[in-house]
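# Geometric and topological summary
Residues per chain, in single letters:
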Amino acid sequence: MSRSAKMLLLPLLSITIPLFSLSQQLSLARRYKPGETYRYRMTTEVMHNGKWQSSIVAVCELTVVTDSAKIPYDEIKWISKKVYTTRDTTDHDDEIRNTSPYRISLHKNGKLDLPVIQDAGMTGEITDFNTFFVAISPKLGINELHKAQDTFIKPEPVKGNFSNGKDILKGEDCLAVTSTLLKTDFAQAGIKTEFKAPADTCLNYYSTDMQQPVAGDTINNFQMVRFAGPNKVNLFYGKEVFTIASTVDLKDGKLHAAAMNNTLRLNLKLNCNTDYTDCQNSFPFTIQRNVQLELIR
């Protein structure tokens, strides 16, 4: 080979080899570094029947630790929470103080169990944050996504329980889940996780009324009982769907950012007896929640 040909070939090799190596090394699995500390900011916008209700900004700090079996976990400590409404802006310091650190893990042998909710006011923050991690977990097929447009469909529906034993006396949803790797570049991957009503429910409805579809195109896959007063409860039931768009760093599988779009088309029954009879009123109720998660350091 002539010297001029070699000179032309070398730059091509320098481009081709790294691209080949990148494709071979592509993995979305989380790779932990013990002792690493980082923070997320989560911003939640809430609308009821199309009308803005509140914005909630909460910050948590994560520290990578290992358990006795050498499995890595993120230990989560909530740092701050601020709620904005049309009436005022409030810091929820008591809710933060009442919430002990807890652990979750994206390791294939780790757990993503919800902690015991110590303060009812933190239910939304804790469950939403956990859902962002569940969306990119091995349980929902993250290790099966290797190239753009790879899709994983979870064979069975996912049943969630978000009761807290305080203001939410009972709360369940049932969701069919599909995860898709949308794109990758040299640094990050974009993943879409869709949560929809399944063809068949995995819920045991709290009352026979809840079997009647609220949204005519699908079964009810959401039900909740909230405390309304002494011997009185409010019932919420209907259709829940949400989508999470996640950005994951390729170097370590860390969640860099995510956005959740959550819509609930429900029927609300007010001031029912604890056996769900003799409700005072019933009407349609739509909840729209848009939640943004940002890695801030």
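Below is a summary of the structure that appears in this document. (Residues numbered from 1 in each chain as written. Predicted model: local features only at pLDDT ≥ 70, side-chain atom pairs only at ≥ 80, totals over all residues. Heavy atoms only, no water.)

## Considering the overall build of the protein
Looking only at helices and strands, the protein features 3 helices and 13 strands. Its C-alpha atoms give the protein principal-axis dimensions of roughly 90 × 45 × 40 Å. Going through the 297 residues of the protein one by one, you find that 44% of them count as buried. Taking all contacts inside the protein whose residues are at least 6 apart in sequence as the whole, residues at least 24 apart take part in 60%. Summed over all atoms, the accessible surface of the protein reaches about 15,600 Å², with 53% contributed by carbon and sulfur. Here the protein carries 35 positive and 32 negative side-chain charges, and the mean point of each set is 6 Å from the other. (Helix = DSSP H or I, 4+ residues; strand = E, 2+ residues; numbered from the N terminus. Buried < 20%, exposed > 50% of the residue type's maximum accessible area, 1.4 Å probe, protein only. Contact = heavy atoms within 4.5 Å. Areas by Shrake-Rupley, 256 points an atom, 1.4 Å probe, with all protein chains shown as cover. Lys, Arg positive; Asp, Glu negative; His and termini not counted. Charge placed at Lys NZ, Arg CZ, Asp CG, Glu CD.)

## Details of the state of the cysteines
Here the structure, examined in full by the defined rule, presents 2 disulfides. Cys174 shares a disulfide with Cys202; S-S distance 2.2 Å. Linking Cys174 and Cys202, the disulfide has an S-S dihedral of approximately 135° and is accordingly described as right-handed. Here the residue Cys174 occupies a position in strand β8 (residues 168-184), and Cys202 occupies one in the loop between β9 (188-196) and β10 (222-229), the gap between them amounting to 28 residues. Given the relative accessible area of 24%, Cys202 is considered partly exposed. Covalent S-S linkage joins Cys272 and Cys279, the inter-sulfur distance amounting to 2.1 Å. (Disulfide = S-S within 2.5 Å.)

## Observations concerning the pattern of salt bridges
Scanning the entire structure with this criterion turns up 17 salt bridges. The partner of Lys147 in a salt bridge is Asp150, and the shortest N-O contact between them spans 3.1 Å. Judged by relative accessible area, Asp150 falls into the buried class, the value being 14%. What emerges from the salt-bridge pattern is a single network uniting Lys81, Glu95 and Glu125. (Salt bridge = Lys/Arg side-chain N within 4 Å of Asp/Glu carboxyl O.)

## Let's talk about the pairing of strand β2 (residues 51-66)
For strand β1 (residues 37-48) and β2, the ladder comprises 12 bridges, and the chain directions are antiparallel. Note that in β2 the partner of Tyr40 across the bridge is Cys60. Here β2 runs beside strand β3 (residues 72-84); their pairing, made up of 12 bridges, is antiparallel. Bridged to Val64 within β3 is Asp74. (Pairing = 2+ DSSP bridges.)

## So, the nonpolar core
Among the nonpolar cores identified, the biggest contains 44 residues, and Tyr40, Trp78, Phe129, Phe132, Phe133 and Leu255 are the most heavily contacted of them. For this core, the element with the most residues is helix α3 (residues 123-134), which contributes 5 residues. Residues contacting Phe129, with those up to four places away along its chain left out, are Tyr40, Met42, Cys60, Leu62, Ile76, Trp78, Ile104 and Leu293. Formed by 10 residues, the second largest nonpolar core is a distinct cluster that contains Phe236, Leu264, Leu266 and Ile287. (Core = buried A, V, L, I, M, F, W, Y, C linked by side-chain atoms within 4.5 Å.)

## Considerations on the environment of Gln212
Assignment of secondary structure puts Gln212 in the loop between β9 and β10. For Gln212, a relative accessible area of 56% translates into the label exposed. Through-space distance from the C-alpha of Gln212 to that of Tyr237 is 9.7 Å; in sequence the pair is 25 residues apart. With sequence-adjacent residues up to four places away left out, Gln212 is seen in contact with Asn220 and Tyr237.

## What about α3?
Between its terminal C-alpha atoms α3 stretches 16 Å, which fits the 16 Å expected from 12 residues at 1.5 Å a residue. In terms of residue burial, α3 counts as a mostly covered element, since 11 of its 12 residues are buried. When α3 is considered as a whole, its buried residues turn out to be Thr123, Glu125, Ile126, Thr127, Asp128, Phe129, Asn130, Thr131, Phe132, Phe133 and Val134. (Expected span 1.5 Å × (residues − 1).)

## Examining the side chain of Asn220
Structurally, Asn220 can be placed in the loop between β9 and β10. Within the structure, the side chain of Asn220 is placed 2.8 Å from the backbone oxygen of Gln212, a separation counted as a polar contact. In this structure the side chain of Asn220 is engaged in a polar contact, spanning 2.9 Å, whose partner is the backbone nitrogen of Val214. Here Asn220 is in contact with Thr201, Leu203, Tyr205, Met210, Gln211, Gln212, Pro213, Val214, Tyr237, Gly238 and Lys239, once residues within four sequence places are set aside. (Polar contact = N/O pair within 3.5 Å; in protein donor to acceptor, adjacent residues only side chain to side chain.)

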